[in-house]
Amino acid sequence: MLSIGTVHLPSPLILAPMAGVSDLPFRLVARELGCGFAFTEMISMRSLVQGNRKTGAMLATRAGDQPLGVQLLGRDAELAPRALEALRDGNFALVDINAACPVGKVVSRGEGASLMKEPDALYKLLRAVVRYAAAPVTVKIRAGWDDRSINAREVALRAQDAGISGLLIHGRTRMQGYSGTVSYRVIAEVKEALSIPVIASGDALSPQLIKKLFDETGADGVAVARGALGNPWIFRQAAQFLCEGTPAPEPAGDELAAVMRRHLELCIAHCGEGAGTMVFRKLFAWYIKGRPLVRQLKQKAFHAQSAAEMRALIDSFLDRGEGAEPHLPLCSPRPLAA
C-alpha cells in the first residue's frame, strides 16, 4: 500500500494524468486490469472557475472509478480557493498541482514546468491550495527547467514546507520533454531529502522499467503514463513482477479484442456514438501497435465513422489470429501532460 496524508492507496502503482487520454473510459479499463489509483486529465483552474462545460465533462466519474485524484493547472494563488470550491462535490481523494507539464502553450502562461523557474510562486500557490483543499495535496515537478538548472531537490523541500502530503517527480527537465535520459539520481536525491511520500515518473514503460524506477530511486510509488497506452495490462503485469520476479503473461488475442470492445463501449457511453468512435480511433491504433500485419487496419480505423465499423475492425483483428507478438512500449503521437 501507499499512504499519502490520510489517503491509503491499494497499490504503489498509479495512473498518471494524461491530457486527452486519461478520461473516465480509459481509467475504468485500467482499473479493471489492476490500476488501484488514477488521476483525471489535467484541469485548468481558470476553466473550473469559469464553469467551462468541457472541463465539467473531464471531471466525470462513477462507481468503480475510486479512489480518484484531480490534477489542477494554474499559477494564481488567489484563484485557488474558487477553483477548489468548484471541486467540493467531486469526492476527490487527492488534489495535485501540475508544475511539470512541458507543453509550449502551458509554459508560455507561466504554468506547468515554468513554475520550476519560480519556486516562490509555486510555494505561494501550494500554500493556498493546502489551506483550502478538502483533500490531501500533492505536486508534480520535473528535475528542473534545463540541465543548467537542476533544482528539483530545492523545489521539493519548499513544497514540503508549504504543507503538501506527497510529491510526484518526472526525472527529466522541461527542455527534455519526453526525450533523452531519465535522471534516477535526481529522483533519489528528492526522495532522500523529503519526509513525505515520493512518486517517481518517467519511462515507466514496462514492468522491468517500473522495477528499475523503484530500485534506483527508493521511491514510494511509480506513476505510469505512456506505458499504459494500448497496454492497460501493465498494472497487472508490473504488480506480479514486483512481487514474484516474473511479469504476468501478455494478453492473448481474444483478451485483447475483448478489452478493445469494452473500451469502445465505454467511450460510446461517455461521449455518444459519433464522438466515442472518434476518440477510440487513436486508442485502437495504440492497442494494435507493434503487432504484425495491422497497417491496413489502422488506416481503416482512422476513417471509421460508426461503432459498427469499429467493432468490425476489432473482429477483423481477432480473425487474423493476432496476440502472439510481444507488446511493445508505446509513445503518444501528441504531447501529454507531465
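Provided above is the structure to which this section pertains.
These remarks concern the structure in this document.

What counts, and at which threshold
Per chain, residue numbering runs from 1 following the sequence as it is written. In view of the model being predicted, local features appear only for residues whose pLDDT reaches at least 70, and side-chain atom pairs are presented and counted only at 80 or more, with totals across whole chains, interfaces and linings using the full set of residues. By convention in this description, side-chain values take in all heavy atoms of the structure and omit both hydrogens and water. By definition, any uninterrupted DSSP run of H or I lasting at least four residues is a helix, any uninterrupted run of E lasting at least two residues is a strand, and each is numbered from the N terminus. Throughout this description, buried means an accessible area under 20% of the type-specific maximum (1.4 Å probe, protein chains only), exposed means over 50%, and partly exposed covers the range between. The term nonpolar core refers to a set of buried residues drawn from Ala, Val, Leu, Ile, Met, Phe, Trp, Tyr and Cys, joined through side-chain atoms within 4.5 Å. With axes taken as lines fitted to C-alpha atoms, and helix axes fitted only over the stretch in contact, angles between N-to-C directions fall between 0 and 180 degrees. Orientation labels follow simple angle bins: below 35 degrees gives roughly parallel, above 145 gives roughly antiparallel, 65 to 115 gives roughly perpendicular, and whatever is left gives oblique. Note: crossing handedness is left-handed where the near helix turns anticlockwise from the far helix by less than a right angle, and right-handed where it turns clockwise. Residues count as neighbours in contact if any of their non-hydrogen atoms are within 4.5 Å of one another. Residues were grouped as follows: Ala, Val, Leu, Ile, Met, Phe, Trp, Tyr, Cys and Pro as nonpolar; Asp, Glu, Lys and Arg as charged; and all remaining residues, including Gly, as polar. Any residue with an atom within 4 Å of a point lines the site, the site being either a cavity, points on a 1 Å grid over the protein atoms alone where a 1.4 Å probe fits but cannot get out, or a pocket, an open set with protein on both sides within 12 Å along at least 5 of 7 lines. Grid points are joined across faces, edges and corners, and a volume is the space filled by probe spheres set on the points. To obtain the arc, one takes the directions from the helix axis to the C-beta atoms. A pair of Phe, Tyr and Trp rings is counted when the ring centres sit within 6.5 Å of each other, with Trp represented by its six-membered ring. The angle between the planes then sorts it: under 30 degrees is stacked, over 60 is edge-to-face, the rest tilted. Comment: the charge-over-ring label is applied if NZ (Lys) or CZ (Arg) is within 6 Å of the ring centre and within 35 degrees of the ring normal.

## Some points on unusual backbone geometry
- Here the residue pair Gln-66 and Pro-67 is connected by a cis peptide bond, since its omega of -5° sits within 30 degrees of zero.
- Relative to the helices and strands, Pro-67 is located in the loop between α3 (53-58) and β5 (68-73).
- Residue Asn-91 is not a glycine yet carries a positive backbone phi of 55°.
- Tracing the sequence through the fold places Asn-91 in the loop between α4 (80-85) and β6 (94-99).
- At Asp-203, a residue that is not glycine, the phi angle is positive and equals roughly 60°.
- Here Asp-203 shows up in the loop between β9 (198-201) and α9 (207-217).
- Overall, Asp-203 belongs to the partly exposed group, its relative accessible area being 21%.

## Points about the nonpolar core
- With 111 residues, the main nonpolar core has Leu-72, Val-139, Ile-141, Leu-167, Phe-280, Phe-284 and Tyr-287 as its most contacted residues.
- Per-element tally for this core: the top contributor is helix α11 (residues 253-271), with eight residues.
- If you look at the next biggest cluster of nonpolar residues, it comprises five residues, including Met-42, Leu-73, Cys-101 and Val-106.

## Brief notes about the packing of helix α12 (residues 273-288) against helix α14 (residues 307-319)
- Contact geometry of α12 with α14 gives a least axis separation of 9 Å together with a crossing angle of 20°. Considering their axes alone, α12 and α14 lie roughly parallel with respect to each other. α14 is crossed by α12, and the crossing has left-handed handedness. Residue-level inspection shows Glu-273, Thr-277, Phe-280, Arg-281, Phe-284 and Ile-288 of α12 in contact with α14, the latter providing Ala-307, Ala-308, Met-310, Leu-313, Ile-314 and Phe-317.
- Taken together, the residues of the contact of α12 with α14 sort by class into nine nonpolar, one polar and two charged.

## Focus on empty space enclosed by the protein
- Under the defined criterion, the tally for this structure stands at two cavities of 30 Å³ or more.
- In this structure, the second largest cavity encloses a volume near 40 Å³.
- Every residue lining the second largest cavity is listed: Gly-20, Val-21, Asp-23, Phe-26, His-263, Cys-267, Val-279, Lys-282 and Leu-283.
- Elements that contribute at least two residues to the lining of the second largest cavity include exactly α11 and α12.
- At three residues, the largest contribution of residues to the lining of the second largest cavity is made by α12.
- Of the residues contributing to the lining of the second largest cavity, the split by class is five nonpolar, two polar and two charged.

## Digging into helix α7 (residues 152-161)
- Where α7 is concerned, the buried positions are Ala-152, Val-155, Ala-156, Ala-159 and Gln-160. Buried residues of α7, viewed axially, fall in a sector of 140°; they line one side.
- In the core, the buried residues of α7 are packed alongside α6 (119-132), β7 (137-144), β8 (166-173) and α8 (184-193).

## A word on the side chain of Arg-31
- Within the secondary structure, Arg-31 is located in helix α1 (residues 24-32).
- Sequence-distant contacts of Arg-31, defined by excluding residues within four places in its chain, comprise Gly-36, Phe-37, Ala-38, Gly-64, Asp-65, Gln-66, Pro-67 and Leu-68.

## Focus on the packing of aromatic side chains
- A full pass over the atoms with the stated rule returns four aromatic pairs.
- Where Phe-37 meets Phe-39, the ring centres are 5.2 Å apart and the plane angle is 85°; that geometry is what we call edge-to-face. Of the two residues, Phe-37 and Phe-39, both sit in the buried class.
- Aromatic rings pair up to connect Trp-233, Phe-280, Phe-284 and Tyr-287 into one cluster.
- Over the face of the ring belonging to Trp-145 we find Lys-117, whose NZ or CZ atom lies 4.1 Å from the ring centre.

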